[in-house]
Amino acid sequence: MTLTDWLGEAVAAIRRWEASWGPYAPHPALALDEARLGAVLEDYAEHLGGNYPFFHPHYAGQMLKPPHPAAVVGYLAAQLINPNNHALDGGPPTAAMEKDVVRALAAMFGLPADGLGHLTSSGTIANLEALWIARELHPGRRVVFSEEAHYTHARMGQVLGLDTAALPADAAGRLDLDALEDALAAGGIGTVVLTAGTTGLGAVDPVEDALALCRRHGARVHVDAAYGGFFALLAGGDRSPLGPEARRHLRAIAGADSVVIDPHKHGLQPYGCGCVLFRDAAVGRFYRHDSPYTYFTSGDLHLGEISLECSRAGAAAGALWFTLQLFPLEAGEGMGPVLAACRRAALRWHALMEESAHVAPLVAPELDLVTYFPRGARTVSGVDATAQRLFERAMQDPAAPLFLSVLRTPAARLRAAAPHLEADAAQARVLRSVLMKPEHEHAVEALHAHVEALAAENQPAPRA
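So, a few notes on the structure that sits alongside this text. Values in this document were obtained by computation on a predicted structure and should not be read as measured data.

**Side note on the packing of helix 12 (residues 335-354) against helix 15 (residues 444-457)**
The contact between helix 12 and helix 15 brings their axes to 10 Å, and the two run at 35 degrees. Remark: the crossing between helix 12 and helix 15 carries right-handed chirality. Taking contact as the criterion, the partners of Ala 345, Arg 348, Trp 349, Leu 352 and Met 353 in helix 12 are, on helix 15, Val 444, Glu 445, Leu 447, His 448 and Val 451.

Dropping the structure here:
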């Protein structure tokens, strides 16, 4: 059966449920003229056609891909009912599903089964909640994170009135442990944010080593695993495609005080599905609030009682629950093979670039992001200009457009990969590709050949 067939089955199932409540007359105010609907739908489809082809292997740019068809079916079925996972009477079944998937995500990291967690509308909101709890537990104390951490931490820190500071990263984009130890020794730090899968380089911060330092100095640890969290599934065995350090630090997430993960990235879900997890359920006391008209239908915990958000789409929980029945959180089946294919794609492209005459890797990939730059330039500014030109030419190629992305990186990191470069600028743009679709595994050679050909055509301009 096709997606169209399964969507039809989902709609039919919900219509049967609706019919079980008895007939009623739809109000004429909601009626649509079919001819007008058809015209508007055609116009809408034309507008949507202006998107980049996120579904296609030729899109190797940002962290974007369509949800799996299973998630689409699961979301649509619940969306027709439109449950609200705030109070239990807003959607009892999807609230139960949310509790199930949150337990599954916590177990994936090895967090305690008696912790606390819930889905959110995004990773940004999930991190906001984690930082809010950090503020409540250690008022007036600083929150620190790597300079490679997602910008949401500085932004949400500003929203919350937190004292935040960025610490240096090493050449591979991981939090520098010496800088962290110095900052902790100076005192005043309440929470350290570690990133498992930075959005720029896909780097995994040294979670295990940083945890030991933080515990010694009495600081909490929050892990932002929004992008790389699902790779924890591959961290268990020696045959994993992940490197030993990435495996070690992903396993160490089990010791964190809070964790954020985005199922709308590697969890195959549509946007609108983040998750925050807390080791200690006692943090629920900070969420405690009352409503004069909300929490009456059950004495059980309402999800709104442990969330800063009020209305949240129950369909997001339903879609994730439905997907995990088909793609369980296991290394050898379900979600594991999907992640392994993405990782193999990154390893293969990195190896091809190491042998390339025209494209060089910036850093070795730890997950499924690859970063690279055109060879041939003599200066940092030359790399910058050539990379930007290649990025634009790739997207504008009339025969076969190729969608990459651009990353600004410090000159020191670039010169670590290419020591001959003259440091005539503080930073440079390089190219970046997110290989988060398993189909990329079978497209890597073609992608590399395309980029290599463009790089050969777009050599840096000679010096005047």
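Next comes the rest of the description.
**Quick word on the environment of His 86**
Assignment of secondary structure puts His 86 in the loop between helix 3 (69-79) and helix 4 (92-109). Residues His 86 and Leu 390, spaced 304 residues apart in sequence, show a C-alpha to C-alpha distance of 48 Å. Of the polar contacts made by the side chain of His 86, one reaches the backbone oxygen of Cys 310; its length is 3.3 Å.

**So, the sheet that holds strand 7 (residues 274-278)**
The sheet built from 7 strands is open, its strands ordered 1-7-6-5-4-2-3 with mixed pairing. Two strands in the sheet have a free side with no partner beyond their single neighbour: strand 1 (116-120) and strand 3 (164-167). The sheet shows a mean angle of 20 degrees between the axes of neighbouring strands, taken without regard to direction. Inspection of the sheet shows strand 6 (residues 258-261) paired to strand 7 by 4 bridges, in the antiparallel sense. Bridge pairing links Val 260 to Val 276 in strand 7. Sheet contacts for helix 7 (residues 177-186): strand 2 (142-146), strand 3 and strand 4 (189-195); angle to strand 4, the most-contacted strand, approximately 165 degrees.

**Focus: unusual backbone geometry**
In this structure, Asn 82 takes a positive phi of about 65 degrees despite not being glycine. With respect to the helices and strands, the residue Asn 82 is situated in the loop between helix 3 and helix 4.

Cut-offs used in this document
Residues numbered from 1 in each chain as written. Predicted model: local features only at pLDDT ≥ 70, side-chain atom pairs only at ≥ 80, totals over all residues. Heavy atoms only, no water. Axes fitted to C-alpha atoms, helices over the stretch in contact; angles between N-to-C directions. Helix = DSSP H or I, 4+ residues; strand = E, 2+ residues; numbered from the N terminus. Left-handed = near helix turned anticlockwise from the far one by under 90°. Contact = heavy atoms within 4.5 Å. Polar contact = N/O pair within 3.5 Å; in protein donor to acceptor, adjacent residues only side chain to side chain. Pairing = 2+ DSSP bridges.

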